[in-house]
Amino acid sequence: LSTIDTFQGFMSMEGEWQVLSDNTEGDLPFTTFEWYKMWWQSFSEQNTMCLLVVHADGHAGRKLVAALPLLARESAREFSRWAHTHSFRTGILCHREFGEALDVLASHLAAGSSWRELLVPYLPADYAVHRQFVSSLRNMGLRVISTPGMQSPWLKVEGEFQEQMKTISRSRRESLTRKRRKLLDKSDGRVEITVGRVADLEERLEQCWMISSKTWKYRAGSSIASD
């Protein structure tokens, strides 16, 4: 394991970083070298780079197998991942064939005494690599506090809708019921669930754009209808 603390040092890793990105879980645009390069240039402000990277030596040579992009805040007493509320779809990069690299990262963090808080926000819970990283931290004796983040509004419906509703938690079911009742009381409208192809899709989309144009996001230029 080594630490990269300069932008020039990070820039020298472009080739091997991209190979790692291509072999990580998800293989998203948000794990690419270009994404992290733009993020640092746009949002790093005056913070100090503390990029942890793990290499493995093998018959094919030295290979980058994991990366945890951190930055130091408040005189290096707090560390945080390269992410914030407007760019949260990033993650911990770990090669599919080198899961033990997460233990190396966790061991390094556990041995450090200069920091008091490590913030690793917005880790998608459905990624095995993120669950494994949290497990590695706990195995090293570190106290891990997890807080719920944003949940996707997408709800996959299989079979009858009311039967599907019975499978979700009571609190979420009650929340949906309250919101539906509030909407119908205000609008004197109805809820319509369409299954299969929609003949008047263009007309329905125009209604979506119209609703979007009534929001604060439209006034700020960031709604669906803005472009």
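Not measured: the values here are computed from a predicted model.

Q: Residue-level account of the overall build of the chain, with values.
A: Summing up its helical and strand segments, the chain has nine helices and six strands in all. Taking 17 Å as the expected radius of gyration for a compact globule of 227 residues, we find that the chain reaches 22 Å, considerably beyond that expectation. Considering only C-alpha atoms, the chain reaches an extent of 65 × 40 × 40 Å along its principal axes. Buried positions account for 30% of the 227 residues belonging to the chain. Contacts in the chain between residues far apart in sequence, at least 24 positions, make up 59% of those at least 6 positions apart. Total accessible area computed for the chain in this model is approximately 15,600 Å², and 52% of it derives from carbon and sulfur atoms. Charged side chains of the chain number 29 positive and 28 negative; the gap between the two group centres comes to 8 Å.

Q: Can you explain the pattern of salt bridges? Please cite residues and give values.
A: Within this structure, the stated rule accounts for three salt bridges. Its salt-bridge partner being K166, residue E163 comes within 3.2 Å of it at the nearest N-O pair. A residue is classified by how much of its surface remains accessible, and E163, at 46% relative accessible area, is partly exposed. The partner of R170 in a salt bridge is E174, with the nearest N and O atoms 3.0 Å apart.

Q: Provide a residue-level description of the confidence of the model for the chain, including the pertinent values.
A: Per-residue confidence for the chain gives a mean pLDDT of 85; residues scoring 70 or more make up 92%. Per-element confidence in the chain is highest for helix 1 (residues 7–11), whose mean pLDDT is 96, and lowest for strand 6 (residues 117–119), whose mean pLDDT is 78.

Q: I'd like to hear about the packing of aromatic side chains, residue by residue, with values.
A: As enumerated under the stated definition, the model contains eleven aromatic pairs in all. Taken together, a centroid distance of 5.6 Å and an interplanar angle of 70° make the contact between F10 and W82 edge-to-face. Of this pair, F10 sits in helix 1 while W82 sits in the loop between strand 4 (78–81) and strand 5 (93–94), and the two are 72 residues apart along the sequence. Using a relative accessible area of 0% as the deciding quantity, one classes F10 as buried. For W82, a relative accessible area of 0% gives the class buried. Within the aromatic cluster, the residues linked to one another by ring pairs are F7, F10, W17, F33, Y36, W39, W40, F43 and W82.

Q: I'd like to hear about a nonpolar patch on the surface, residue by residue, with values.
A: Residues V191, I193 and V195 make up a contiguous nonpolar surface patch of about 300 Å² in total accessible area. Relative to the helices and strands, V195 resides in the loop between helix 7 (170–187) and helix 8 (201–212). Its relative accessible area of 75% is what places V195 among the exposed residues.

Q: How would you explain the pairing of strand 2 (residues 48–58) if you had to name every residue and give the values?
A: Counting buried residues in strand 2 gives eight out of eleven residues, a clear majority hidden from the surface. In this structure, strand 1 (residues 2–4) lies alongside strand 2, joined through three bridges in antiparallel fashion. When the sheet's bridge partners are listed, S2 is paired in strand 2 with V53. In this structure, strand 2 lies alongside strand 3 (residues 61–73), joined through eleven bridges in antiparallel fashion. Bridged to G58 within strand 3 is G61. In textbook terms, the turn of a hairpin is the stretch between consecutive antiparallel strands, and for strand 2 and strand 3 this stretch comprises two residues.

Cut-off values and rules
Residues numbered from 1 in each chain as written. Predicted model: local features only at pLDDT ≥ 70, side-chain atom pairs only at ≥ 80, totals over all residues. Heavy atoms only, no water. Helix = DSSP H or I, 4+ residues; strand = E, 2+ residues; numbered from the N terminus. Rg over C-alpha atoms; globule rule 2.2 N^0.38 Å. Buried < 20%, exposed > 50% of the residue type's maximum accessible area, 1.4 Å probe, protein only. Contact = heavy atoms within 4.5 Å. Areas by Shrake-Rupley, 256 points an atom, 1.4 Å probe, with all protein chains shown as cover. Lys, Arg positive; Asp, Glu negative; His and termini not counted. Charge placed at Lys NZ, Arg CZ, Asp CG, Glu CD. Salt bridge = Lys/Arg side-chain N within 4 Å of Asp/Glu carboxyl O. pLDDT = per-residue confidence, 0-100. Phe/Tyr/Trp six-rings, centres within 6.5 Å; stacked < 30°, edge-to-face > 60°. Patch = residues over 30% accessible without salt bridge, like charges linked within 9 Å, V, L, I, M, F, W, Y side chains within 5 Å. Pairing = 2+ DSSP bridges.

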